[in-house]
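Letter by letter, the chains look like this.
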Amino acid sequence: MKEEIRAGNKEDFPLVHLFYEVYENGQLQTFEDTAEKLLKLLLRDTFGRQTVVEELTFTTTS
């Protein structure tokens, strides 16, 4: 995905500036961290009971 973002243009990915900012600040998550967070979300007893909305925030908490 990172390669696609870097190769794309602003019309394809209008928030590309946020990606570059996070990348330049060394704040990108590893694939492993992302997978761990997704698994925790999917395995919750409450999964599916509420709508999950994507929020563009940059946190380092788990």
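Provided above is the structure to which this section pertains.
These lines cover the structure that appears in this document, whether it is placed above or below. (Residues numbered from 1 in each chain as written. Predicted model: local features only at pLDDT ≥ 70, side-chain atom pairs only at ≥ 80, totals over all residues. Heavy atoms only, no water.)

A few words now on helix H2 (residues 16-24). Regarding H2, the residues found buried are Val16, Phe19 and Val22. Around the axis of H2, the buried residues are gathered within 125° of arc, so they sit on the same side. Just beyond H2, the residue with positive phi is glycine 26, at close to 65°. (Buried < 20%, exposed > 50% of the residue type's maximum accessible area, 1.4 Å probe, protein only. Helix = DSSP H or I, 4+ residues; strand = E, 2+ residues; numbered from the N terminus. Arc of directions from axis to C-beta.)

Tallied over the full model, the rule gives two aromatic pairs. Where phenylalanine 19 meets tyrosine 20, the ring centres are 5.7 Å apart and the plane angle is 70°; that geometry is what we call edge-to-face. Their ring planes at 10° and their centres at 6.4 Å tell us that phenylalanine 19 and tyrosine 23 sit as a pair that is stacked. One end of the pair, phenylalanine 19, and the other, tyrosine 23, are both in helix H2, four residues apart, so they sit about a helical turn from each other. In this structure phenylalanine 19 comes out as buried when scored by relative accessible area, which is 10%. Judged by its relative accessible area of 43%, tyrosine 23 is partly exposed. An aromatic cluster of at least three residues, connected via ring pairs, comprises Phe19, Tyr20 and Tyr23. (Phe/Tyr/Trp six-rings, centres within 6.5 Å; stacked < 30°, edge-to-face > 60°.)

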